[in-house]
Amino acid sequence: MTMKSILMASVFAVGLTGAAAAEDKMINMINCGDDTGAGIPLQAQLIEEWKSANPGYDVTVEFVPWGQCQEKSTTLASAGNPPAIAYMGSRTLKQLAANDLIIPVNMTEDEKATYAPPILGTITAGGQQWGLPRAFSTKALYWNKDLFKEAGLDPETPPKTWDEMYNAASAIKEKTDADGFGLAAASFDNTMHQFMNYVYTNGGEVINSDGEIVFNSPNNVEALAFYGKMASVSQPGPIAYDRAKLRPLFSEGKIGMFISGPWERGQVGDSVNWGVAPIPVGPSGKPGTLLITDSLAVFKGSGVEEQALSLAKLLTNPENQMAFELAEGFTPLRDLPEVKGLVEKDPTWAAFLDAIPTGGPEPFLTDYVGLQDTINEAVQGVVSGDVDPSEAVEFAAEELEEFK
């Protein structure tokens, strides 16, 4: 074969390869956050393995900042140009399903059994699952042992009840230069999340398993009244604070306690002498926490729904999901043997894991923004002293009927 023939054959082969690549069907995936997480290389490796097993398909992953990613996915889908897969807060799934923007996730009974029922509840509406949990968080109480000691409290004994928490916060505020507690009441979604921890530790609910709004209950009146009471021993002006602004106060020794997720342990570090314990329990409740999941949702209209669901299930199967969680530092979604090892290695995990069986999901309403705004307004009205807790709960319950 002449050199010219070899060159022509090479060009022809490259042309064929290019044509084949051009024919690959694209699976576009939107991932909230950036690509710096320790779990992202594991995700990328699994995507490559999936592509090798599914010739004719390619996958692109677009990392979009948290403040924009969910809105971008929804906007694209509403305009008829959806991503194939998107990382979404599970709270959005019911609304997406109601607008026929995502496909149902048909799980086998074996797949369902890998999740605790409360976790499965975060993605279930009308008996149908609408996403695949990808990230999970529970909450616990952080306390500053040195401030407890300075206030005359036992530094190794965190409060177990609401009354004990209020009394400890009051002592810290009175006897030290710090405020007793960090309270979030800003117009932000995690204000509702913070308040839901009190709802679930006092036996309350927002919406029951039959889809009925049950927010107007004595349990929730107690919870909202206590939330307002904690404002008297918290940092000044809690309406200016979301949860993220509380950790710096805690790290600087300016508040004695706050409630947050497991990620704070690495952020607080050794800046203060701290401990972490289950969220204190209300007079009408039992141990609990708000269970929050983010999920991979498969959007309708991409033309590759079946393959996208296959990829999403691979990324979130028990083995792969656990590896991702361990790398990222997330609360494990499933009770696998590796979880016991986590607690043995770091006992501070126990407070976040023990509350899962009695925790409650984010309220699954069709209009999540309406839910969030309604509960935040109730919280802010009581924290500011402008509204009576029973009136705030009654009014909020009426409004929530429009959003279920």
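Structural notes, computed from the coordinates. Quick caveat: nothing in here was measured; it's all calculated off a predicted structure.

What counts and how
- Residues numbered from 1 in each chain as written.
- Predicted model: local features only at pLDDT ≥ 70, side-chain atom pairs only at ≥ 80, totals over all residues.
- Heavy atoms only, no water.
- Helix = DSSP H or I, 4+ residues; strand = E, 2+ residues; numbered from the N terminus.
- Rg over C-alpha atoms; globule rule 2.2 N^0.38 Å.
- Buried < 20%, exposed > 50% of the residue type's maximum accessible area, 1.4 Å probe, protein only.
- Contact = heavy atoms within 4.5 Å.
- Areas by Shrake-Rupley, 256 points an atom, 1.4 Å probe, with all protein chains shown as cover.
- Lys, Arg positive; Asp, Glu negative; His and termini not counted.
- Charge placed at Lys NZ, Arg CZ, Asp CG, Glu CD.
- Patch = residues over 30% accessible without salt bridge, like charges linked within 9 Å, V, L, I, M, F, W, Y side chains within 5 Å.
- Salt bridge = Lys/Arg side-chain N within 4 Å of Asp/Glu carboxyl O.
- Phe/Tyr/Trp six-rings, centres within 6.5 Å; stacked < 30°, edge-to-face > 60°.
- Lys NZ or Arg CZ within 6 Å of the ring centre and 35° of its normal.
- Pairing = 2+ DSSP bridges.
- Axes fitted to C-alpha atoms, helices over the stretch in contact; angles between N-to-C directions.
- Disulfide = S-S within 2.5 Å.
- Polar contact = N/O pair within 3.5 Å; in protein donor to acceptor, adjacent residues only side chain to side chain.
- Parallel < 35°, antiparallel > 145°, perpendicular 65-115°, else oblique.
- Nonpolar A, V, L, I, M, F, W, Y, C, P; charged D, E, K, R; others polar.

Below, the discussion takes up the overall build of the protein chain. Check the secondary structure of the protein chain and you find 18 helices and eleven strands. Here the C-alpha atoms of the protein chain give a radius of gyration of 24 Å, agreeing with the 22 Å that 2.2 N^0.38 yields for 404 residues. Seen through its C-alpha atoms, the protein chain measures out along the principal axes to roughly 95 × 45 × 40 Å. Across the 404 residues in the protein chain, those meeting the buried criterion constitute 52%. Relative to all contacts within the protein chain whose residues are 6 or more apart in sequence, the contacts with residues 24 or more apart total 76%. For the protein chain, the exposed area adds up to about 17700 Å²; of that, 53% sits on carbon and sulfur atoms. Positive and negative charge centroids in the protein chain, built from 27 and 54 side chains respectively, lie 5 Å apart.

Moving on, we get to the side chain of N190. In this fold, N190 is placed in helix α9 (residues 189-200). For N190, the contacting residues outside a window of four places in its chain are D242 and R243.

The next point concerns a negative patch on the surface. On the surface, a cluster of negative charge is contributed by D388, E391, E394 and E398. Structurally, the position occupied by D388 is in the loop between α17 (368-383) and α18 (389-400).

Looking now at unusual backbone geometry. You will see that D100, though not glycine, has its phi angle at about 60°, which is positive. Topologically, D100 is positioned in the loop between α4 (93-98) and α5 (109-113). Taking relative accessible area as the criterion, D100 reaches 44% and is therefore assigned partly exposed.

Tallied over the entire structure, the rule returns 14 aromatic pairs. Taking 5.0 Å as the distance between ring centres and 40° as the angle between the ring planes, the aromatic pair formed by F250 and F258 counts as tilted. Summarising the burial analysis for this pair, F250 and F258 share the class buried. Aromatic side chains F324 and F330 sit 6.0 Å apart centroid to centroid with 65° between the ring planes, which places their arrangement in the edge-to-face category. Within the aromatic cluster, the residues linked to one another by ring pairs are Y142, F250, F258, W274, W349 and F352. A cation over an aromatic ring shows up here: K229 above the ring of Y166, its NZ or CZ 4.3 Å from the ring centre. Directly above the aromatic system of W349 lies the positively charged group of R265, at a separation of 4.2 Å from the ring centroid.

Taking burial as the measure, the nine residues of strand β10 (residues 290-298) include nine buried ones, the bulk of the element. Here β10 shows a buried face lined by L290, I292, D294, L296 and V298 and a second buried face lined by L291, T293, S295 and A297. Summarising the sheet, strand β3 (residues 85-89) and β10 pair through five bridges and their orientation is antiparallel. For G89, the partnering residue across the bridge sits in β10 and is D294. In terms of strand pairing, strand β6 (residues 132-137) meets β10 through five bridges, oriented antiparallel. Within β10, the position partnered with L132 by the bridge is L296. Of the pairings in the sheet, the one linking β10 to strand β11 (residues 360-361) comprises two bridges and is parallel in character. Bridging across to β11, L290 finds its partner in G360.

Our focus in this paragraph is the pattern of salt bridges. Applying the stated criterion across every chain yields a total of 14 salt bridges. Across the pair K51 and D58 runs a salt bridge, and its minimum N-O distance is 3.0 Å. Each of E48, K51 and D58 takes part in a single network of salt bridges with overlapping partners.

Moving on: the sheet that holds strand β9 (residues 274-277). Read from one edge of the open sheet, three strands run β8-β7-β9, paired in antiparallel fashion. At either margin of the open sheet sits one strand with a lone partner, and together these are β8 (257-260) and β9. Taking the axes of each pair of neighbouring strands and ignoring which way they run, one obtains an average angle of 25° across the sheet.

This next bit is on the state of the cysteines. Under the counting rule described, the total for this entry stands at one disulfide. What pairs with C32 in a disulfide is C69, and their sulfur atoms sit 1.9 Å apart. With the S-S dihedral at roughly 90°, the linkage between C32 and C69 falls on the right-handed side. Within this pair, whereas C32 is found in strand β1 (residues 25-32), its partner C69 is found in helix α3 (residues 66-78), the two being separated by 37 residues in sequence. The exposure class of C69 is buried, given its relative accessible area of 0%.

Here N197 is to be found in helix α9. Separated by 3.5 Å, the side chains of N197 and T289 make a polar contact. What N197 contacts, discounting residues up to four positions off in sequence, is K139, I259, I279, T289 and L290.

Time to look at the packing of helix α2 (residues 40-53) against helix α14 (residues 318-328). When two helices pack together, you describe them by how their axes are tilted relative to each other and by the distance separating the axes. Where α2 meets α14, the axes come as close as 9 Å, and the angle between the chain directions of the two elements is 155°. Judged by the angle between their axes, α2 and α14 are roughly antiparallel. From α2, I40, L42, Q43 and L46 reach across to α14, where they touch N320, A323, F324, A327 and E328. Partitioning the contact of α2 with α14 into residue classes produces six nonpolar, two polar and one charged.

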